[in-house]
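Spelled out, the chains give:
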Amino acid sequence: MVEEIINSHGIAEDKLVPILLDIQNSNDKHYLSEDDLKQVSRLLGIPESRVYSVATFYSFFSLQPRGKYIIQICDNAPCIVNGAYNVIDDFRHILGIDMGQTTPDGLFTLEYSSCLGCCSHAPAARISGELYGDLDSEKIKSILSDLRRR
Amino acid sequence: MNTVTLTIDGQKVTVPENTSILDAAKKAGIDIPTLCYFPDQNIKGNCRVCVVEVEGSRTLAASCSTPVNEGMAVKTWSKNVMNARRTIVQLMLADHDEDCNECVKNGVCELQSLAQRLNIQHNPFKNILKPKPIDTSTPSLIRNPNKCVKCGRCVDMCQETQQVGILFDAYRGADSEIVSGLGKYLSDAGCILCGQCSTVCPVAAIYENDETDKVWQAIFDTSKRVIVQTAPAIRVSIAEEFDMLPGTVALGQLAAGLRRLGFDDVFDTDFAADLTIMEEGHELLDRLQHGGMLPMITSCSPGWINFIEQYYPDLLPHLSTCKSPQQMFGSIAKTYYAQKIGLKPEDIFVVSIMPCTAKKYESGRPEMNDSGVRDVDVALTTRELARMIRQAGIDFTALPEEPFDEPLGISTGAGAIFGATGGVMEAALRTVYEVVTGNTLPSLDFTDVRGLKGIKEASVDLDDVKVNVAVAHGIANAKKLLELIRNGAADYQFIEIMCCPGGCIGGGGQPYRTTNAIRQQRIKAIYEVDKAMPLRKSHENPAVQALYEEFLGRPLSEKSHHLLHTTYSNRQH
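Rules and cut-offs
Residues numbered from 1 in each chain as written. Chains lettered and ligands numbered in written order. Predicted model: local features only at pLDDT ≥ 70, side-chain atom pairs only at ≥ 80, totals over all residues. Heavy atoms only, no water. Helix = DSSP H or I, 4+ residues; strand = E, 2+ residues; numbered from the N terminus. Buried < 20%, exposed > 50% of the residue type's maximum accessible area, 1.4 Å probe, protein only. Domains from an automatic or database assignment. Contact = heavy atoms within 4.5 Å. Buried area = accessible area lost by both parts, 1.4 Å probe. Salt bridge = Lys/Arg side-chain N within 4 Å of Asp/Glu carboxyl O. Pairing = 2+ DSSP bridges. Expected span 1.5 Å × (residues − 1). Phe/Tyr/Trp six-rings, centres within 6.5 Å; stacked < 30°, edge-to-face > 60°. Lys NZ or Arg CZ within 6 Å of the ring centre and 35° of its normal. Axes fitted to C-alpha atoms, helices over the stretch in contact; angles between N-to-C directions. Parallel < 35°, antiparallel > 145°, perpendicular 65-115°, else oblique. Left-handed = near helix turned anticlockwise from the far one by under 90°. Nonpolar A, V, L, I, M, F, W, Y, C, P; charged D, E, K, R; others polar.

A. Quick look at the overall build of chain A. For chain A, the count of helices and strands is 7 helices and 4 strands. Shown N-terminal to C-terminal, the secondary structure of chain A runs as helices and strands in the order α-α-α-α-β-α-α-β-β-β-α. Taken along the three principal axes of its C-alpha coordinates, chain A extends 50 × 30 × 25 Å. Looking at chain A as a whole, 45% of its 150 residues qualify as buried.

Below you can see the structure in the form of C-alpha cells.
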C-alpha cells in the first residue's frame, strides 16, 4: 500500500507531505504507523528522523490511531465567543472522552481545529471533511446519532 | 575580492563582503557571545544570543546570520542588547534542568559560562521544565533532553557532516525537541555511536557514558593487575584538556600520568596498531593473490563498523576480518602477556583510553572475549581520562616525560599515524611494499593519503602489480565510496574508512569543541610523533616480531585468526 502510494507520487523528497497525507487517509484509523514511517524513510531515502520531524510538525498528521469520524472543533476567537466551549463540553459528555482521545468503539476522535473559515456560522466544527455550523446541544446530538446510523 | 566598510561600536572595520557581523566584530577585537554558532557548521541563527543593534533596523539582528553592508553602523553593546541577551538566556535556563552541581558539564558548560558572562544572578522566570526520560540505552552515549537548549549543533553534525541522520528537530513551537530516529532511544534509532554530537553539544544534552568509577574500583582493588593501553590519538589531544595549545605532543607526560593514576602496566595501543598492520597487510596480500573480495576495507573504526553493519550490510564481505587495535591489544594482553607474567585472564583488568565513544560499544560486543573473558574491560574517552587526572590532583603540565612499559608499550611511527585519516593506509603501504618487493622504501611518506580532503586516492606499484587505494573519513565521504562499490565502479583494491572527520584525532571522545582548525593541529602533531620515532615500519617492531616468534607463529596463523580476527553481523536498520 505504502509502496503504491509512493509510486503514484514519484520518489522525491518534496513529495513527502502529500505521500504521508495519502497514507494517513488510506487507512480506517487515519494515522501514520511506525511501520508506515519506516517504509517511507526507506523508499524515499530520507532519514527516519526527518520523516518523523515532518509528521510531528503538522497537526493534521497523527501518529496515534484515530476514529472513523474525526471531529475537529474550531477553538479560534469567533467560535469561542459564540460558545465553542459549550460545544466542546457537549461532545466530551456525549462521547465520554476528552479532547485528543478516541471512543473505545473506534468511531469518534475529538480534536481542536484552527479557524475553518465559517465564522458567520460560529461555533463550527468539521467532521471527516464536512463542515457543521451554528452548533448547539440539540444539533450535536442529532449529528452524532446520524453518524452512528451511517 | 570586494570589501565592505562598516562601523562597529564607533570603530571603522573593513572586511570582505558577505562577512557576518559576528566575524567582522571579531576582527575589531569584539567578542560577541554565541551559543548555536559553531565553526565549520551551517549558520543556524536560532538561539539569538548574539543579537546586536543595527542602526536603522527596527529589531535586533542576530550577528551570526546577518551579513555586513557598506556604511552599516552596529552597536554590539547597549541597554537593549544587554536586556535581550539576558532575557534569552534566562528563558533558556527556565526550561533547563538547573542541577548544575551534579552535571557532567559543570565547569565546561557553555550555557553556564554564558549565564556567568551575562552576569545573570537571578531569574525572574520560574522553571517550567517538564522532565523527560534520560536515554541510557547505549553503552556509549547518554542523551539527557532535560539539558537540551535546542541549538541544533548536534543535528548539524549528525545530518550534514556525518549524514547518518539520527538526530533531528521534531514537534513544533514550545513543544519542539531534538529526537533520535522515530522518537526512539538511540539504541533503536540506527545510531552508530560515533559521538560527534557530544563534541559539539554546548551543554550536557548528549555526552559520553562516564565509566571512570569502574576504573577507580579496579585500580583500588589490589588483587587485580590493571593494564592500560592508550590510543595513538590521545598523545596529541590530552594536553588540550589541561589548557595547552592544540597540536601539543604529550607522549611522555601521558605515560607518566597513567603511571601516577596507579595503572600497573602502561602500554600503548600503537603496539597493537603495528600488529594490526601485520595481520591486515597480509590479509590484503592474501586477497590480492588468491582472488579474495576486493576492495578490502579497513575495520579499525567501530563507528564505521556500526555504520556498515546497519546501512550497507551487503558490503560486509569487503571488510577486513582484523579486529581493531583496541581489541587485538585486549586479547593479546589477556593471553600472551598473561602467560608471560603468570596470571590468569580473569586476574587482569584491561582499560583502554580511546578518542572514541563507539569503542565503549565495541569492547562490550559479546564476541570480543577470545581470551576467555571480556578482552577489554573498560574503554574510556580522552575526556574521562582528563577527569581522572584532575580527580587525582595530578598537575599534568608539570609531569616529566616517561617511557611506556615493555613489551606491549613498544611501537613504531606506523602505529602512531593510525590516529590520523590516511594513517592506517600509509602504515599498511609501508609494510606491504617491503614484504612484497623485498626492497626498502625510498621514502616512507605517502603524502597523497594525508590531510583533511574528504576522499584521497593513491596508486602503489608492488612488483608490477598496481594497487589503487582510497581513503575516506567521516561517514558522508565513506558513503560516496560505498555507493561506488555497490555500483561496481570502484577501481580500488584497498580502502581505509574512518568514521570521524579527520580520523581518530577528531574522534567523538576527544576534548569538547573539536574544530577543523584543531584537527589540523592534531594531525600535524601526529606526523611529528611518527618522524621522531626510531622505527617507523610496523614489521620492524621488535615486540611484534617477538610476539610472532614466541606465540602466534606468523600473520594469519590459526592462533592469529582465533585471537586477532572477527566476524560481522548484518544488523540492517
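Don't stop here, the text continues.
B. Structural detail: the domain arrangement of chain B. All names here are of chain B. Along its sequence, chain B is carved into domain 1 (3–77), domain 2 (93–208) and domain 3 (213–564). Computed from C-alpha atoms alone, the centre-to-centre distance between domain 1 and domain 2 is 27 Å. Counting residues at the interface gives 13 residues for domain 1, matched by 14 residues for domain 2. Taking both partners together, domain 1 and domain 2 bury about 1,100 Å²; carbon and sulfur atoms supply 57% of that area. A per-residue breakdown of the area domain 1 buries against domain 2 is headed by L35, F38 and Q41, which together make up 49% of the total. On the surface where domain 1 and domain 2 come into contact, there are 1 salt bridge.

C. Layout of the pairing of strand β2 (residues 11–16) of chain B. All names here are of chain B. Pairing of strand β1 (residues 3–8) with β2 involves 6 bridges; the strand directions are antiparallel. Considered in β2, the bridge of T7 is made with K12. Where β1 hands over to β2, the hairpin turn is made up of 2 residues, of which D9 adopts a positive phi near 50 degrees.

D. Up close: the pattern of salt bridges. All names here are of chain B. This structure, assessed with the given rule, holds 48 salt bridges over all chains. The partner of K360 in a salt bridge is E384, and the shortest N-O contact between them spans 2.9 Å. Within this pair, whereas K360 is found in helix α11 (residues 358–363), its partner E384 is found in helix α12 (residues 382–391), the two being separated by 24 residues in sequence. Considered together, K360 and E384 belong to a single accessibility category, that of buried residues. Taken together, the shared-partner salt bridges in this structure form one network comprising E426, R430, D445, R450, D530, K531 and R536.

E. Spotlight on helix α2 (residues 79–93) of chain B. With 15 residues, α2 of chain B ought to run about 21 Å at 1.5 Å a step, and its terminal C-alpha atoms sit 21 Å apart, in line with that. Where α2 of chain B is concerned, the buried positions are V81, A84, R85, I88, V89, Q90, M92 and L93 of chain B.

F. Main features of the packing of aromatic side chains. Within this structure, the stated rule accounts for 13 aromatic pairs over all chains. For the pair Y58 of chain A and F61 of chain A, a centre-to-centre distance of 6.3 Å together with 75 degrees between the ring planes defines the contact as edge-to-face. Using a relative accessible area of 6% as the deciding quantity, one classes F61 of chain A as buried. Taken together, F57, Y58, F60 and F61 of chain A form an aromatic cluster joined through their ring pairs. The side chain of K105 of chain B reaches across the aromatic face of Y512 of chain B, ending 4.1 Å from its centre.

G. The arrangement of the packing of helix α1 (residues 2–9) of chain A against helix α3 (residues 34–44) of chain A in detail. All names here are of chain A. The geometry of α1 relative to α3 is characterised by a closest axis approach of 10 Å and an angle of 45 degrees between their N-to-C directions. On the basis of the axis angle, α1 is oblique to α3. For the pair α1 and α3, the crossing hand works out as right-handed. Seen from α1, the contacting residues are V2, E3 and I6; seen from α3, they are D36, Q39, V40, L43 and L44. Residues of the contact of α1 with α3, tallied by class, amount to 5 nonpolar, 1 polar and 2 charged.

H. Highlighting the interface of chain A and chain B. Listed by partner, the interface residues are 12 residues for chain A and 17 residues for chain B. Interface area, chain A with chain B, both sides summed: about 1,300 Å², of which 56% is carbon and sulfur. At the surface where chain A touches chain B, the tally comes to 2 salt bridges. Across the pair E34 of chain A and K184 of chain B runs a salt bridge whose closest N-O atoms are separated by 2.8 Å. Of all the elements in the fold, those that place two or more residues in the side of chain A that touches chain B are α3 and α4 (48–57) of chain A. Among the elements that make up the side of chain A that touches chain B, the one with the highest residue count is α4 of chain A (7 residues). Residue composition of the side of chain A that touches chain B, grouped by class: 4 nonpolar, 4 polar and 4 charged.

I. Layout of the sheet that holds strand β1 (residues 69–74) of chain A. All names here are of chain A. Read from one edge of the open sheet, 4 strands run β2-β1-β3-β4, paired in mixed fashion. In this open sheet, the two edge strands, each paired with only one partner strand, are β2 (108–113) and β4 (130–132). Ignoring which end each strand starts from, the neighbouring axes of this sheet average 25 degrees apart. Here 6 bridges tie β1 to β2, and the two strands are oriented parallel to one another. What sits directly across from Q72, in β2, is E111. Its contacts with the sheet put helix α6 (residues 84–95) on β1 and β2, and the angle it makes with β1 is roughly 155 degrees.

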